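Chains, contacts and geometry: an overview
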Amino acid sequence: MAKKTPARSSSKSSTQKRKKTTSSLLKRIIHALFKWGLIVALVGSIPFSAWVWWLNGQVVSRFEGQKWQVPSEVYSAPIILRNGSPWNKQDLEALLEETGYRFGRNSQNVGWAARSQTKVSAHLRSYVDHLGFHQSERRIFSFQNGRLVIQALNGDEIAEARIEPQRIGFLYGGNTESRQILSYEDIPKPLIDILIAVEDKEFYEHWGISLVGIARAMVVNLTHASVRQGGSTLTQQLVKNMYLSSERTYTRKVTEIVMSVLLEYHYSKEAIITAYMNEVYLAQVGSSALHGFAAASQHFFGRPLNELNIDEFALLVGMVKGPSLYNPERSPNRAKERRNTVLGVLKSQGRLSDADYNRLVKQPLRLASKKKERSVFGDYLDLVAMQLSRDFDETTLATKNLRIYTGVDIRAQRAASLAMQRQVAVLEKRDPKLKGLQGAMVVTDRVSGQVRAVVGSSGQVYTGFNRALGAVRPIGSLVKPPLYLSALATGRYTWWSKIEDKKLRFNVGGKTWQPENYDRQTHGEVHLYEAMAKSYNLATVSLAQQIGFDRVGETLRQLGVKRPFTMHPAVALGALELSPFEVSRLYQPIASQGKSSELGVVLAVMDQNDQLMKRFDQHNDVPFTDALLAVTLDGMTKTPKIGTARAAQAAFPNLNFAAKTGTTNQQKDSWFVGITGDYSSTVWLGDDDNRPLSITGSSGAQNVWIDFTRNVNPISLPESLPDGAARFNVLDSKFEVAADRCKDKTTLAFILGTEPRDSSSCFWPF
C-alpha cells in the first residue's frame, strides 16, 4: 500500500502541471489576442480618426465661412408719394398691391392696407438703404380734386410717404440660385414651430441624429435590399444639402450621420435652424433654383416672410417634402392638399384649435401674380452692370450678396415698357411695312438726373441687345435746342430775334450740300422760337452759320457729348450719331436748368450687413448759367403749343411741358424728347437694318411718349425761373414789351439784360 501512494501523487502532480501549462498557454493566447486586437484596433482607428478629423474640418470651414455664393441684389428707388401730387384712388391701390401690400379689414399690421369708398390706409414697411433706417409708418391717403392728401392717424397732413425699395433683380450668378439670407432674429417663430412639428419633433432634444429613425430606415432598406429611406433629422437634411451629394449609398449615409453629430457638437440649435431656413431647396424657377424660405415667400406670395399667415407658412413647410411634387404654381390642388396635411399635423399636436384648422384649410392659396422681372428691368440691369464693372469685379458681384440701390422708378419703368410695346404694335398694325419696328426709351429725373427707366427694345421679352445703349443713330432735329442755346449764349440773340428761312448751299468736301425743310418750302423771316418749334431746317442752319459751326460743336461737347465727331454744316441738322442714352445726357443740363449734368444709375452699394461700401455721387460741370439753360428750356415749351408736338399738347391740355421731335433723312429714325416737371424722356424708333420708315418723330416716337406720360401722373414744369431770367410779353411785330391789352403778343423768357427796353401800351387815341 505504501508503494502505491507516490504513483497517485505523481499522477496528480502531472495533471496539475498539464492544467497549469494549458492555463498559462490560454492566458498567453488571450493576452496575445487582446494585445494584437488592441494593436489592430488602434492601427485601424487611425484612418477612421483621420477621416472624422477631415470631416470636422469640412463642417467647420463651410459653416463658419461664406456658406452660400449669393449674387448681388439690385433695388429700385423708394416710391415717394407727395402730398398734393396728382393721384387717383385706383392707381394707388394698384401700386400697393404691386408692391406686396395685402388689403384687409384694417391696416394695423405692417404690410397691410385697407380701403373705404374715398380713402386708402396703409401700414408702410420699414427699410434700410444708404441713407439709413426708415421707420415703418401708418398713413391715410385721400383724394381731393385728383390730388393726393397724406395724413397721419391723428389727422395731421404729412408732406410725403415712402414705399420701400423693391428688388428688381440680381447681378451675375443669379440665373443658377435665388436666395435671400436671414438671421435667426429675422425668422418668424411660427414658421420655426411648424417646421419642427412636421419635419423633426425631437429637434431640440437629439444631438444630430435620431436612433429610432435610423433603425426604422434600416429595416425598410434591408427589406427592399436598397437604400430607400433616410430617417433624417433637420440637422441631417442640412448636412445632406450643404455638404453632400444626393446619391443613396450606405457610405454617404454614414458620412451624413458623422457630420450631423459634428455639426451639433460645434453649433447651437439656433445656428443650425437658421442655416436650414436659408439652405432648404423649395422650387425650380426657370434656370434658377429657389433656396430658403425668404426667397420662396417673395416668389410665391410677393411679400416678406414675416408678413405671411399660418396657412402660408404651412404651404412652404409642406413643400420641403417634395419641392417639385408640391409646387403650388404647377400643382395647386396637390399643394393645397399637402398644406392641409401640415395643418392637420398642427391640429393633432394641439398647436391649432379646431376652429382655426377649419378656417385655414378653406383658405385659397393666394399666390402673387407673376411679372417677368427680367423682361421689365433687364435693360436697366444692363446699365447697372456697366456702371459697377468699373468698381467691382464680377466674382464679387456674383457671390457676395451685395445690396445695390439704384434710381429706377418701378412705375416709370413699367409704364415705359408697356407704352413702347403698345404703340409699336399700333404702328405695325397701321402699316404692315413697319413690321419689326424697334425702339428704345430713357427716362431720367428732370432735376437730379437719376435714370428712372430704360427700355431697350419694343418686345415683351428681354432680347439681350439694349438699344438704349447700343443703337447709335443720327439724332436729326434733336440737335436744334442745343444749337439755339449756343445762339442765346452769345448775347446777340433772343427767342424773339428773327432769322431768314431761305435756300442755302454749302461746299462740303468738294461737294454741294443743299438742305431743305421737311415740307420742301421756305418761310421767309421767322422768330427763333418759331424756327425751333416748327423745326425749320433752313432757318436753323442759317443761324448756325451766323454764330459759327465750330461754336455749335463746342456747345454740344460742353452739354455732354463725349463721342468724337467732326463738325460740319450737316451736324447742325442732326448728322450726329448718338445712342438714346447719350441724347438723354445731352438734354439733362437743359431739363434740370443746370441742377444736374450727368446721369445717375447706381446710388450706393451696401454689403449683406447693411454697411455702406461705396456711394456714387454725380458731378455737375456745365459751363452755362442756370438762367441760360432755363431760357432754352422755356423756349422748348413752344414746340407743343405751336410746333411739331401739338398732338402731345392736345393729349395734355393743362400740362406745361417742353418737347422736341426729330426725324432723320429718309425717315429712318423717329425721335422725341419730352420734359415735364418730374421726368425728362427720350424716345427712339427705328429699324435695326436702317430701312426708311413711314413715320416721323411726330407720328411715331411722340405717340410712345404720350402713352407713357398718361400712366405716370405728370406734373407741369415750374413757373418760376432762376435768378438772371424772366418772362415778358413781347409784341410779335416789334421788339417791345406788350401790355396786357395787346393782342398780337407772345410770352417769352429772356436772360436779364437781353429783354426789350421799350414797351407798348397798344393804346390808340381814337
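Data block above holds the structure.
So, here's what we can say about the structure. This one's a predicted model, so the numbers in the text were calculated from it and none came from an experiment.

1. Brief notes about the overall build of the chain
Each helix and strand counted, the chain has 24 helices and 32 strands in total. Looking at the chain residue by residue over its 766 residues, the buried ones come to 53%. Looking at the chain alone, contacts between residues at least 24 apart form 67% of all its contacts between residues at least 6 apart. Only carbon and sulfur atoms are counted for the fraction: they give 51% of the accessible area of the chain, which is about 36,000 Å².

2. Regarding the side chain of T406
Along the chain, T406 falls in strand β15 (residues 403–406). A distance of 3.3 Å separates the side chain of T406 from the backbone nitrogen of V408, its partner in a polar contact. With sequence-adjacent residues up to four places away left out, T406 is seen in contact with V74, Y75, S76, A77, Y380, V384, V601, V602 and L603.

3. Concerning the nonpolar core
Core analysis: the biggest nonpolar cluster contains 111 residues, and L81, L96 and L388 have the highest contact counts within it. Residue contributions to this core peak at eight residues, all from helix α12 (residues 373–388). With residues up to four places along the chain from it excluded, the contact list for L388 reads L171, L397, I404, V602, V605 and F616. If you look at the next biggest cluster of nonpolar residues, it comprises 54 residues, including W68, V239, M242 and F301.

4. Focus on the layout of surface pockets
A volume near 1,000 Å³ is recorded for the second largest pocket. In terms of lining residues, the second largest pocket is bounded by 39 residues, among which Y518, N537, T663, T664 and N665 are the most central. Secondary structure elements with two or more residues in the lining of the second largest pocket: β18 (473–474) and β26 (658–663). Ranked by residue count, the leading element in the lining of the second largest pocket is β26, at three residues. Taken together, the residues of the lining of the second largest pocket sort by class into nine nonpolar, 20 polar and ten charged.

5. Looking at the side chain of R467
Within the fold, R467 resides in helix α15 (residues 467–470). Ignoring sequence-local partners within four residues, the contact set of R467 consists of Q438, G439, A440, G456, S457, P580, W684 and D688.

6. Topic: the pattern of salt bridges
Between side chains of opposite charge, a pair can form when the charged atoms approach closely. Applying the stated criterion to the full structure yields 32 salt bridges. K269 is the salt-bridge partner of E264, the closest N and O atoms lying 2.9 Å from each other. Per residue, the accessibility class of E264 equals that of K269, and both read buried. For R520, the salt bridge is made with E516, and the minimal N-O distance between the two is 3.1 Å. For E516, a relative accessible area of 34% gives the class partly exposed. The structure contains a network of salt bridges with shared partners spanning R102, D311, E312, R339 and R366.

7. Section: the sheet that holds strand β27 (residues 669–675)
Ordered in space as β17-β16-β28-β27-β26, the five strands form an open sheet in which the pairing is antiparallel. Both outer strands of the open sheet, β17 (451–455) and β26, are each paired with one neighbouring strand and no more. The sheet shows a mean angle of 5 degrees between the axes of neighbouring strands, taken without regard to direction. In terms of strand pairing, strand β16 (residues 438–445) meets β17 through four bridges, oriented antiparallel.

8. Topic: unusual backbone geometry
The backbone of R366 shows a phi angle near 55 degrees, a positive value even though the residue is not glycine. Looking at the element boundaries, R366 is found in the loop between α11 (354–360) and α12. Judged by relative accessible area, which is 28%, R366 ranks as partly exposed. In this structure, N690 is a non-glycine residue whose phi angle is positive, near 65 degrees.

9. Things to note about the sheet that holds strand β25 (residues 612–615)
Picture the strands of a sheet paired through backbone hydrogen bonds; they go either parallel or antiparallel. In space, the five strands of this open sheet follow the order β11-β1-β15-β24-β25, with mixed pairing throughout. Where the open sheet ends on each side, the last strands, each with one partner, are β11 (167–171) and β25. This sheet shows a mean twist of 20 degrees between the axes of neighbouring strands, independent of strand direction. Bridge count between strand β1 (residues 72–75) and β11: four bridges; the pairing is antiparallel. Bridging from a neighbouring strand, S72 pairs with L171 of β11.

10. Considerations on the pairing of β17
In terms of burial, β17 is largely enclosed, as five of its five residues are buried. The antiparallel pairing of β16 with β17 creates a hairpin that spans five residues between the two strands, and G449 there sits at a positive phi of about 85 degrees.

11. Overview of the packing of helix α16 (residues 480–489) against helix α18 (residues 537–547)
Across the interface, α16 lies against α18 with an axial gap of 10 Å and an inter-helix angle of 40 degrees. When the axes of α16 and α18 are compared, the pair comes out oblique. With respect to the hand of their crossing, α16 and α18 are arranged in left-handed fashion. Contacts between α16 and α18 involve K480, L483, Y484, S486 and A487 from the former and N537, T540, L543, A544 and I547 from the latter. Class assignment for the residues of the contact of α16 with α18 results in six nonpolar, three polar and one charged.

12. Concerning helix α14 (residues 410–430)
With 21 residues, α14 ought to run about 30 Å at 1.5 Å a step, and its terminal C-alpha atoms sit 30 Å apart, in line with that. The backbone nitrogen of R411 lies 2.9 Å from a side-chain oxygen of the residue at the head of α14, namely D409.

13. Notes on the packing of aromatic side chains
One pass over the structure, following the stated rule, counts twelve aromatic pairs. Ring geometry for F203 versus Y204: centroids 5.2 Å apart, planes at 70 degrees, classification edge-to-face. Overall, the relative accessible area of 0% leaves F203 in the buried class. Take Y204: its relative accessible area is 42%, and that puts it in the partly exposed class. Linked through ring pairs, W496, F728, F735 and F750 together constitute an aromatic cluster. Geometry around Y326 places R338 over its ring, the cationic atom sitting 5.7 Å from the centre.

14. Some thoughts on the packing of α16 against helix α19 (residues 549–558)
At their nearest, the axes of α16 and α19 sit 9 Å apart, and the two run at 110 degrees to each other. On the basis of their axis angle, the class for α16 and α19 is roughly perpendicular. Both α16 and α19 take part in a crossing whose hand is right-handed. On α19, the residues touching P482, L483, L485, S486 and A489 of α16 are R551, V552, T555 and L556.

15. A word on the environment of D607
Tracing the backbone shows D607 in the loop between β24 (602–606) and β25. Considered as a pair, D607 and K400 are 207 residues apart in the sequence and their alpha carbons are 7.7 Å apart. A polar side-chain atom of D607 sits 2.8 Å from the main-chain amide nitrogen of N609.

Cut-offs applied
Residues numbered from 1 in each chain as written. Predicted model: local features only at pLDDT ≥ 70, side-chain atom pairs only at ≥ 80, totals over all residues. Heavy atoms only, no water. Helix = DSSP H or I, 4+ residues; strand = E, 2+ residues; numbered from the N terminus. Buried < 20%, exposed > 50% of the residue type's maximum accessible area, 1.4 Å probe, protein only. Contact = heavy atoms within 4.5 Å. Areas by Shrake-Rupley, 256 points an atom, 1.4 Å probe, with all protein chains shown as cover. Polar contact = N/O pair within 3.5 Å; in protein donor to acceptor, adjacent residues only side chain to side chain. Core = buried A, V, L, I, M, F, W, Y, C linked by side-chain atoms within 4.5 Å. 1 Å grid on protein atoms, 1.4 Å probe; cavity = no way out; pocket = protein on both sides within 12 Å on 5 of 7 lines; lining within 4 Å. Points joined across faces, edges and corners; volume = space filled by probe spheres on them. Nonpolar A, V, L, I, M, F, W, Y, C, P; charged D, E, K, R; others polar. Salt bridge = Lys/Arg side-chain N within 4 Å of Asp/Glu carboxyl O. Pairing = 2+ DSSP bridges. Axes fitted to C-alpha atoms, helices over the stretch in contact; angles between N-to-C directions. Parallel < 35°, antiparallel > 145°, perpendicular 65-115°, else oblique. Left-handed = near helix turned anticlockwise from the far one by under 90°. Expected span 1.5 Å × (residues − 1). Phe/Tyr/Trp six-rings, centres within 6.5 Å; stacked < 30°, edge-to-face > 60°. Lys NZ or Arg CZ within 6 Å of the ring centre and 35° of its normal.

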